[in-house]
Amino acid sequence: MSQEKVDKYKKEKANRQKIMKKERIIHRLEMTGIALVCVLAIGWVGYSIYDTAASKVNDAIVVDNNAVDNYISSLSQS
């Protein structure tokens, strides 16, 4: 090994704990970001489904009973 490689190895070995700590922090931040994006995507899909279902339930149905009432009243008069 050249002297440069040896010096680089010694420097990395001396700072290995700091490097590993930094890598762990970066890994945790990445996993937290991924989890946050997944939670937001699932929440958005769930809200969209709920909103679509809720808008369909609120539709009112109007029934005209005049024809039935007229028929029953005509039977009563007979």
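Just so it is clear, the structure is predicted and the values come from calculations on it, not from any experiment. (Residues numbered from 1 in each chain as written. Predicted model: local features only at pLDDT ≥ 70, side-chain atom pairs only at ≥ 80, totals over all residues. Heavy atoms only, no water.)

Draft legend 1. Region of the structure containing the overall build of the protein chain. Helices and strands together make up the secondary structure of the protein chain, namely three helices and zero strands. For the protein chain, the α and β elements follow one another from N to C terminus as α-α-α. Taking 2.2 N^0.38 as the reference for a compact globule, 78 residues should give roughly 12 Å; the C-alpha atoms of the protein chain span a radius of gyration of 36 Å, well beyond that estimate. Each of the three principal axes of the protein chain carries a C-alpha extent, and together these read 120 × 20 × 10 Å. Taken across its 78 residues, the protein chain has 0% of its residues classed as buried. In the structure as shown, the protein chain presents an accessible area of about 7,800 Å², 62% of it carried by carbon and sulfur atoms. (Helix = DSSP H or I, 4+ residues; strand = E, 2+ residues; numbered from the N terminus. Rg over C-alpha atoms; globule rule 2.2 N^0.38 Å. Buried < 20%, exposed > 50% of the residue type's maximum accessible area, 1.4 Å probe, protein only. Areas by Shrake-Rupley, 256 points an atom, 1.4 Å probe, with all protein chains shown as cover.)

Draft legend 2. Seen up close, the UniProt feature "transmembrane region" (unreviewed entry) in the protein chain. Under the local residue numbering, the UniProt record ascribes the feature "transmembrane region" (unreviewed entry) to residues 29–50. Secondary structure across residues 29–50 divides into 100% helix and 0% strand, with the first and last C-alpha atoms of the span separated by 31 Å. (UniProt positions renumbered as here; feature names shortened; annotations may be inferred.)

Draft legend 3. Main features of the environment of K22. By the secondary structure assignment, K22 is in helix 2 (residues 16–57). Residue K22 is classed as exposed on the basis of its relative accessible area of 56%. C-alpha of K22 to C-alpha of L36: the two residues are 14 residues apart in sequence and 21 Å apart in space.

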